[in-house]
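Coordinate inspection notes
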Amino acid sequence: MPAPGQPYRCGVLTLSDKGSRGEREDTSGPQIQEMLRAQGYAIAAYQIIPDQQGLIEQTLISWVDEQQLDLIVTTGGTGVSPSDRTPEATRAVIEMEIPGLGEAMRLASLRKTVQAVWSRGIAGIRKGCLILNLPGSRKAAQENLEAVLPALSHGLYKLKGGEADCGRSE
C-alpha cells in the first residue's frame, strides 16, 4: 500500500501501430491520465507502443516488476482487428483475472452502442498491480473508465492489504 497520504502510482499504455510511428495523435492516453489525476492518482509512466503482443507483455512485466506500479491502464487493441492482442498479452502476464471490471465496462458501453459487444478488454492482477484494458477511442476509453473508476480505489486498497471491511469506509 502506498504510504499514508501518497497516491497510487499508475501507468498509461497506449497500443497503436500508427501512434507509435507518429502517424496518429494519441487522444485516449492523455484523457485517461487526466481522469486518473483528477481522482488523485499519480501518473508514473506513459508510453505509446505498437500492437505487438510480445512487446505489450514485456512492457506490462517491466512496469509491474521493475517500476512496481499499482495500476496500469491500457488503451487500444481490445477489438477484433487482426492486430488487436491486448487482452491476450494481459492474460499472459496476470496471475488472476477480475472479470467484473470488464463486464461493468461492456455493460456501460452497451447502454450507448451495440458495437460494445465487440470489445474484449479484461482486467487482472500481477504482483499487486491491477492491469485494466480500455478501448482505443477517446470516447470509449472515457466511458469505460468512468464505469469502473469509482471502484478502483477500494479494489487497490484491498489488493495492497487494506483490512477495513468492504461495507465500511477506509
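A brief report on the enclosed structure follows. Per chain, residue numbering runs from 1 following the sequence as it is written. Two thresholds apply to this predicted model, a pLDDT of at least 70 for residue-level local features and 80 or more for giving and counting side-chain atom pairs, whereas whole-chain, interface and lining totals are computed over all residues. The side-chain values count all of the structure's non-hydrogen atoms but skip hydrogen atoms and water molecules.

A few points about the side chain of Asp-84
Only runs of H or I of at least four residues qualify as helices and only runs of E of at least two qualify as strands under DSSP, and these elements are numbered from the N terminus. Inspection of the secondary structure puts Asp-84 in the loop between strand S3 (71–75) and helix H4 (86–93). Note on classification: 1.4 Å probe, protein chains only; a residue is buried when its accessible area is under 20% of the maximum for its type, exposed when over 50%, partly exposed between these limits. Neither His nor the chain ends is counted toward charge; the positive residues are Lys and Arg and the negative residues Asp and Glu. Between Lys or Arg on one side and Asp or Glu on the other, a salt bridge is scored when a side-chain nitrogen of the former is within 4 Å of a carboxyl oxygen of the latter. Of the side chains with opposite charge, Arg-120 lies nearest to the buried Asp-84, which makes no salt bridge, at 5.9 Å. Reaching out from Asp-84, the side chain makes a polar contact with the backbone nitrogen of Val-80 at a distance of 3.3 Å. Only heavy atoms enter the contact rule, under which two residues are in contact if any of them lie within 4.5 Å. When residues no more than four places from it in sequence are discounted, the contact partners of Asp-84 are Gly-77, Thr-78, Gly-79 and Arg-120. In the analysis that follows, any N or O atom pair within 3.5 Å is treated as a polar contact, provided that within protein one partner can donate a hydrogen and the other can accept it, and provided that, for residues neighboring in sequence, both atoms belong to side chains.

A closer look at the packing of helix H2 (residues 28–38) against helix H6 (residues 138–159)
Interhelical geometry of H2 versus H6 gives an angle of 25 degrees and a closest axis separation of 9 Å. On the basis of the axis angle, H2 is roughly parallel to H6. Handedness of the crossing formed by H2 with H6: right-handed. Residues Ser-28, Gln-31, Ile-32, Met-35 and Leu-36 of H2 touch H6, and the partners they reach there are Arg-138, Ala-141, Gln-142, Leu-145, Glu-146 and Leu-149. Axes here mean lines fitted to C-alpha atoms, for a helix over just the part in contact, with angles spanning 0 to 180 degrees between N-to-C directions. Throughout, the term roughly parallel applies to angles under 35 degrees, roughly antiparallel to angles over 145, roughly perpendicular to angles from 65 to 115, and oblique to all others. Should the near helix be turned anticlockwise from the far one by less than a right angle, the crossing is left-handed, and should it be turned clockwise, the crossing is right-handed.

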